[in-house]
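Single-letter residue listing:
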Amino acid sequence: MPRKPQTWDDYDSAVTQIILAPSDSEFLDQLIPVLKDATASSRIGSLVQSLSRYAEEREGDIERIGLTKHEEFLSSVNQLQKVREGTVALTAEILDLNQSIQASTEKLAEQKQGLVDTRGVRQNITDVSDALEESLKILHAVNNAHDLIRKKKYYAALKSLEDLQNEYLVPIIQNKFATQYKLADMIQKSIPASQKAISEAVMSDLNSWLFIVRESSQFLGEVAFYHTEQRRARQKERMEGNELLSRFKLNSAIELVFDEDDEFDVLSNDELQVDFTPLHEALHIHEALGQVDRFRVEYAATRRQQKDLILPSSENLFANNDNEGLKALLESVAGFAIIEKATMQRAPLVRSTLDVDELWDSMCQAVIRITSRSLEGVNNEELLKHIKEDIALFIQTMETVSTDDYMPMSIKTPSDYSQVYSAILFDDEMSPEEVTLPIVLPFSKMYPHCCMHIREYEQDFRKFTQENFDRPNVVDEMLRKTLDELLTDIVCKTLVERLNSQYLGQIVQILTNLEHFEAACQKLEQLLIQGRSSTSAGGPVTLKATELFRNHKKTAEKRIFELVNSKIDDLVDTSDYDWTATTPPEEPSNYMVTLTRFLENIMSSTLLGLPREIKELIYFDALSHASNKILALPLHPDVKKINPNGVAAMALDVKHLTDFVSKLENAFMLEQNLDELQQTAALMQSEDHEEFYDISIRNKKDGDISREDLFANQWLLIRITQTVENPSRTAPLANFGSRFGLR
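Note that the structure is a prediction, hence the values are computed from the model and not measured.

Trainee: I tried to follow the overall build of the chain on my own but got confused; where do I start?
Mentor: Regarding its fold elements, the chain presents 26 helices and two strands. Counting over 743 residues, the chain shows a buried share of 38%. Restricting to contacts in the chain with at least 6 residues of sequence separation, those with at least 24 account for 73%. Just so you have it, the chain exposes about 43,700 Å², and 53% of that area is on carbon and sulfur atoms.

Trainee: Is there a simple way to explain the packing of helix α21 (residues 644–662) against helix α23 (residues 675–685) in this structure?
Mentor: A pair of packed helices is characterised by two quantities: the angle between their axes and the separation of those axes. Orientation of α21 relative to α23, taken along the N-to-C sense of each, is 150 degrees, at an axis distance of 10 Å. Here α21 is positioned roughly antiparallel relative to α23, judged by the angle of their axes. Pair α21 / α23 crosses with left-handed handedness. Contact residues: V647, A648, M650, A651, V654, L657 and T658 in α21; L677, Q678, A681, M684 and Q685 in α23. Of the residues contributing to the contact of α21 with α23, the split by class is nine nonpolar, three polar and no charged.

Trainee: Whenever I open this one, the pattern of salt bridges confuses me. Can you help?
Mentor: Note on pairing: side chains with opposite charge can pair once their charged atoms come close. By the definition in use, this model includes 18 salt bridges. A salt bridge links D147 to R150; its shortest N-O distance comes to 3.5 Å. Taken as a pair, D147 and R150 lie in helix α4 (residues 70–150) at a separation of three residues, close to a single helical turn. Note on D147: relative accessible area 25%, which makes it partly exposed. A salt bridge links E562 to R559; the shortest N-O distance between them is 3.1 Å. One end of the pair, E562, and the other, R559, are both in helix α18 (residues 544–572), three residues apart, so they sit about a helical turn from each other. The exposure class assigned to E562 is partly exposed, which follows from its relative accessible area of 39%. Owing to a relative accessible area of 15%, R559 belongs among the buried residues under this scheme. Three or more residues are tied together by salt bridges with common partners; here these are E518, E547, R550 and K553.

Trainee: Sorry if this is basic, but what is going on with a negative patch on the surface here?
Mentor: On the surface, a cluster of negative charge is contributed by E229, E381, E382 and E389. Tallying contributions element by element places helix α13 (residues 381–402) first for the negative patch, with three residues. Locating E381 in the fold gives a position in helix α13. Look at E381 and you get exposed, because its relative accessible area is 67%.

Trainee: What am I meant to see in the packing of helix α19 (residues 590–606) against helix α20 (residues 612–632) here?
Mentor: For the pair α19 and α20, the least separation of the axes is 11 Å and the interaxial angle reads 170 degrees. Judged by the inter-axis angle, α19 sits roughly antiparallel to α20. Taken together, the residues of α20 that come into contact with α19 (itself represented by Y591, M592, L595, L599, E600 and M603) are K615, I618, Y619, A622, L623, A626 and I630. Partitioned by chemical class, the residues of the contact of α19 with α20 number eleven nonpolar, no polar and two charged.

Trainee: Looking at this model, I keep getting lost on the state of the cysteines. Mind explaining?
Mentor: Tallying each qualifying case throughout the model produces zero disulfides. No disulfide involves C451; its sulfur sits 7.1 Å from the nearest other cysteine sulfur, which is in C450. Relative accessible area serves as the criterion here: at 8%, C451 is assigned to the buried category. No disulfide involves C521; its sulfur sits 8.4 Å from that of C492, the nearest cysteine. The buried category is assigned to C521, whose relative accessible area is 1%.

Trainee: Explain unusual backbone geometry here, please?
Mentor: In terms of backbone geometry, most residues other than glycine have negative phi values and most peptide bonds are trans. In the segment running from L437 into P438, the intervening peptide bond is cis, with an omega of -5 degrees. A positive phi angle is found at D576, which is not glycine, with a value near 55 degrees. In this structure D576 comes out as exposed when scored by relative accessible area, which is 55%. The backbone of N666 shows a phi angle near 60 degrees, a positive value even though the residue is not glycine. With respect to the secondary-structure elements, N666 resides in the loop between α21 and α22 (667–670).

Parameters and conventions
- Residues numbered from 1 in each chain as written.
- Predicted model: local features only at pLDDT ≥ 70, side-chain atom pairs only at ≥ 80, totals over all residues.
- Heavy atoms only, no water.
- Helix = DSSP H or I, 4+ residues; strand = E, 2+ residues; numbered from the N terminus.
- Buried < 20%, exposed > 50% of the residue type's maximum accessible area, 1.4 Å probe, protein only.
- Contact = heavy atoms within 4.5 Å.
- Areas by Shrake-Rupley, 256 points an atom, 1.4 Å probe, with all protein chains shown as cover.
- Axes fitted to C-alpha atoms, helices over the stretch in contact; angles between N-to-C directions.
- Parallel < 35°, antiparallel > 145°, perpendicular 65-115°, else oblique.
- Left-handed = near helix turned anticlockwise from the far one by under 90°.
- Nonpolar A, V, L, I, M, F, W, Y, C, P; charged D, E, K, R; others polar.
- Salt bridge = Lys/Arg side-chain N within 4 Å of Asp/Glu carboxyl O.
- Patch = residues over 30% accessible without salt bridge, like charges linked within 9 Å, V, L, I, M, F, W, Y side chains within 5 Å.
- Lys, Arg positive; Asp, Glu negative; His and termini not counted.
- Charge placed at Lys NZ, Arg CZ, Asp CG, Glu CD.
- Disulfide = S-S within 2.5 Å.

Written out as structure tokens, the structure reads:
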């Protein structure tokens, strides 16, 4: 049943409960029932009275406490007052501290922002510093190139510009967002101007050299004339002591042999030194620039102008009634022609036989025209005698120059060909009726000249001994021995001694001559058998010279190998690989392009006249040597570290060489020389170097690599895969290298 609501008759206890309620919610809970119960007006008054009494009682308690505890109350009030003052002071301090903290916070924020700004500025300064450093490297390289130009080190300057492009300019220009892009682009655009400056500088030096050469032409001719006069005197002295020699003129093979001990270089002697270095340097620079054709044209034009300058302005050479004018003209022409001949031999890319012959013919025609007109008014016999002597001296001097033992013999007239044909008894050449002239024969002039004089000597000797000699065996043996000594001690010895030359074309011509002299000796043996007396003993005739010429062909071939390999050494030594390059290469190295061009040129020009088997052997040996030289490059002691870009540069060059060989005749045989080089390059590029240590895989992929080279390649792989600068790996690396003699 519902609970009966409480009623209140006396509100005093209710008021006490209401006032003592601990919280507002409980205060209301106590008050609401009382208010409901006090709805009657009579009871509301009772409730108000109860509240009033309670209030009066509390006021009384307060008064009582105030009267009895007055001092303590005042003390408490004072304490409260002090507390309040302390609180106010503390509040002020807290406010001050808050302001200080706020100020410190703002300062800290400012400092932090300043630090952030400082770091940004520092980073900008670092970036600018790096950019300036890279720019300074570029500018230093540019200045170095121009400094080399000022020092006349033109090829080094050209190489410096090329390195500048490959190492700095091209990588920067490829990245258009690079800091140094504008600088690199500007310098890149100036490279052609710098190359042109190098070309102009080297041409300026060459023009200075040409001027000196032209000015010294007459003196050169004078020295050549003097040397010819000395030879004349020596030959005259020999003729007085031996009548047999009176049949042999100046510049004959016999005279040249007798005069060999007094060999004289008209271009290098105590009186005159002609240095061809400026010419070679200019040619080298224009080869590097790819401007050989333009250089050849400019050089030819300059020499034509100089040819016109040596001709006299007046066409009366004998105006002073002496021969000095003619002598000076002939000396100048002779000196000019000697320089042209030497240039053709030393720099065939600059001067060809056609160029030299064209200028020579032009000068000869001018000399003939001027001399003929000048002779019209000459009637002095003594002067005519001197004129004749000068012209004879000029002819003999120029015959000395034109008698070239190291150039194929050119024949223009049928009479000359018939004379040569009958002298050397061709077995495999066309008869004079079948030949088309002009023709270039493989041997040089010395070969038919020697053959002619040997035939003449053999015939004259037999005529001299055919009567009043009762012992034909002795005569035949004496003739055989004399001819054998002539061929071995003079002809063959002379050719072999000149194998020390540094000119590849000269060695090739000597080899060709040796081959023809061997055949000539075999023919001579048959002639000696046919010409001996019927009463002489039978049997074969053997000349020691035949075997000697045959053996020295091998000497000449070996010398050709040496010169070709020496050139290869020079080219490979200029490789200058950057084994730790930052970017991979885009094209083969210059040395490799030059190397393949050299091999191509010698086969199509210098070695063209050699038998096919000798040419193939030279090529085979050259490629083998080049392969070994290239294989040794990454194993050089200076190479401490190799990255993939360095490997890629070498591999690209190996591919260029392989592609070149693949286009050659008989490439299948020649390519075998490059197998080891190709396999080594592939091994260096392999991503999994551990394959090298698996014998089965290694034998399959690298079967052509020798045992010694396998050790070298293992050393090479360590260089590629390890960092030598790391001290923890240096010791085992050095120990491995020392095991196989590698450093």
